[in-house]
Amino acid sequence: MAHCAWRFGLIRLLALLGLALGAAACQPQTAPAPTTAVTEIPPAPGVTLAAPAGAAGLGDPLYPALGNGGYDVQHYTIDLTVDVARNMLDGVTTITAHAMQPLSAFNLDFSGLTITRVTVNGQSADYRRQGSETTITPPQPLAAGARLTVTVAYRGEPQPIRDPGVPFVPLGWQRFEQGIAVVSEPSGAMNWFPSNNHPADKATFTFRVQVPKPYQVAANGVLADTQDAGSSTTFVWQMTDPMATYLATVHIGRYEVVTATGPGGVTLRHYFPLGTPDTVKARFARIPQMMQFMTERFG
């Protein structure tokens, strides 16, 4: 993973440039103003209007279909069992959220993989898929402020996202010669887990990723646990600072793990692919100095 750091940094910079250059092409068309006024008629006494569905997009000026309205995600738990050789995964993503309005249905951004089960608050829920939008109808409408737990089970081979705003690089979960890597900014997260895929809705994350030996897993946050199951290992990573979905990442490979200490005693873990030259690894000795430099200027 470490040898790719400069490349991912460049990709992020180029992605921002691509977004800027593609802004005009991505701008949504403005609907014409209505020619007549619309008057809302209140319901008759004793009549309760049905709860509305959450919006299928947040109306971002560049990506109007990304994200979803009506709820606020608090945490994602992403459980994956990965067949690295075949690039196949079995996944269960559990989302805890708060309803921001009464909801008869709500959407998740999710692309490609086959859904096998959906539950809301422990009960089986109906769902409908159209492109990268999955509309879920809970067994009972949700009240504003209600806590909801959504579980989606799925499987398949993730297909990289081709984003017209970043046309020069595929996004999301991808198979490489030495393993698997994820780079999602801005829209790629939806090819490997269902989410409210917009940076306006940040959340904390737990990643539990089972891989065959001798593969290792690096992900966001802190390595909280490693569970040995004989022929496989499950790596548990915890990200306790809320972050955007496009930052969620998993890297799977055969690594040499080198630890170091950064400013304030923070632990640094470098995941070098086996065979990385010592001259390359030596360059990472300057990272604590770089972090201190950036901290002094940006906090």
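For the structure itself, look to the data block above.
Criteria and thresholds
- Residues numbered from 1 in each chain as written.
- Predicted model: local features only at pLDDT ≥ 70, side-chain atom pairs only at ≥ 80, totals over all residues.
- Heavy atoms only, no water.
- Pairing = 2+ DSSP bridges.
- Helix = DSSP H or I, 4+ residues; strand = E, 2+ residues; numbered from the N terminus.
- Buried < 20%, exposed > 50% of the residue type's maximum accessible area, 1.4 Å probe, protein only.
- Contact = heavy atoms within 4.5 Å.
- Axes fitted to C-alpha atoms, helices over the stretch in contact; angles between N-to-C directions.
- Polar contact = N/O pair within 3.5 Å; in protein donor to acceptor, adjacent residues only side chain to side chain.
- Phe/Tyr/Trp six-rings, centres within 6.5 Å; stacked < 30°, edge-to-face > 60°.
- Core = buried A, V, L, I, M, F, W, Y, C linked by side-chain atoms within 4.5 Å.

Undergrad: What is the right way to read the pairing of strand β13 (residues 222-228) from this model?
TA: As a general feature of sheets, a regular strand has side chains that alternate between the two faces. Where β13 and strand β14 (residues 232-243) come together, 6 bridges link them in antiparallel fashion. Looking across to β14, one finds that V222 is bridged to Q238. From the end of β13 to the start of β14, which pair antiparallel, there are 3 residues, and G230 there has a positive phi angle of about 85°.

Undergrad: Got a minute to help me understand the environment of V257 in this structure?
TA: Structurally, V257 can be placed in strand β16 (residues 255-261). A relative accessible area of 34% means that V257 is categorised as partly exposed. C-alpha of V257 to C-alpha of Q216: the two residues are 41 residues apart in sequence and 9.5 Å apart in space. Other than its neighbours up to four places away in sequence, V257 contacts Q216, H270 and Y271.

Undergrad: Looking at this model, I keep getting lost on the sheet that holds β13. Mind explaining?
TA: Consider a sheet: its strands pair through backbone hydrogen bonds, and that pairing is either parallel or antiparallel. Ordered by their spatial adjacency, 8 strands build an open sheet running β5-β4-β8-β2-β1-β11-β14-β13, and the pairing between neighbours is mixed. The open sheet is flanked by β5 (123-124) and β13, the only strands paired with a single partner.

Undergrad: Is there a simple way to think about the environment of A55 in this case?
TA: You can see A55 is positioned in the loop between α2 (23-26) and β1 (71-83). The exposure class assigned to A55 is partly exposed, which follows from its relative accessible area of 38%. Distance from A55 to N107, taken between C-alpha atoms, is 7.3 Å for residues 52 residues apart in sequence. Ignoring anything within four residues of it in the chain, the contact list for A55 reads N68, G69 and N107.

Undergrad: Explain the sheet that holds strand β3 (residues 106-109) here, please?
TA: Ordered by their spatial adjacency, 3 strands build an open sheet running β3-β7-β6, and the pairing between neighbours is antiparallel. Two strands in the sheet have a free side with no partner beyond their single neighbour: β3 and β6 (126-130). Averaged over all adjacent pairs, the angle separating strand axes in this sheet is 25°, with direction ignored. As paired elements, β6 and strand β7 (residues 133-137) share 5 bridges and run antiparallel to each other. Pairing of D126 across the sheet is with T137, part of β7.

Undergrad: Quick question: what am I supposed to make of the side chain of K281 here?
TA: Residue position: K281 is located in helix α3 (residues 278-283). In contact with K281, not counting residues within four places along its chain, are E256, F272 and T276.

Undergrad: Explain unusual backbone geometry here, please?
TA: Negative phi values dominate among residues other than glycine, just as trans dominates among peptide bonds. Residue P186 is bonded to the preceding E185 through a cis peptide linkage, with omega at 5°. Along the chain, the position of P186 falls in the loop between β10 (179-183) and β11 (203-212). One non-glycine residue, N121, adopts positive backbone phi at about 55°. By the secondary structure assignment, N121 is in the loop between β4 (114-120) and β5.

Undergrad: Would you mind going over the side chain of N220 with me for this structure?
TA: Summarising the element assignment, N220 is placed in the loop between β12 (216-219) and β13. Among the polar contacts listed, one links the side chain of N220 to the backbone oxygen of L247, at a separation of 3.0 Å. A polar contact of 2.7 Å, which involves the side chain of N220, links it to the backbone nitrogen of T249. Every residue in contact with N220, bar those within four places of it in the chain, is listed here: F207, W237, Q238, M239, M243, L247, A248 and T249.

Undergrad: Looking at this model, I keep getting lost on the packing of aromatic side chains. Mind explaining?
TA: We describe a pair of aromatic rings using the distance from one ring centre to the other and the angle between the two ring planes. In this structure the tally under the stated criterion is 12 aromatic pairs. Aromatic pair W173 and W192: ring centres 5.8 Å apart, planes at 45°, arrangement tilted. Residue W173 is found in strand β9 (residues 172-176), and its partner W192 is found in the loop between β10 and β11; the two are separated by 19 residues along the sequence. For W192, a relative accessible area of 0% gives the class buried. Pairing W237 with Y271 gives two aromatic rings, centres 6.3 Å apart and planes at 55°, and the pair type is tilted. Placement of the pair is W237 in strand β14 and Y271 in strand β17 (residues 267-273), with a sequence separation of 34 residues. Residue classification places W237 among the buried positions, given a relative accessible area of 3%. Overall, the relative accessible area of 5% leaves Y271 in the buried class. Of the aromatic side chains, those joined through ring pairs into one cluster are Y76, W173, W192, F193, F205 and F207.

Undergrad: When you look at the nonpolar core in this model, what are you seeing that I'm missing?
TA: Buried together is how nonpolar side chains tend to be arranged in soluble globular proteins. One finds V82, W173, W192, F207, V250 and I252 to be the most contacted residues of the largest nonpolar core, which totals 50 residues. When residues of this core are assigned to their parent elements, the largest contribution, 6 residues, is made by β1. Not counting residues up to four positions away in its chain, the partners in contact with V250 are W173, I180, A181, V182, W192, F207, V209, V217, A218 and A219. Judged by nonpolar contacts, the second largest core, of 7 residues, contains Y63, I161, L171 and M190.

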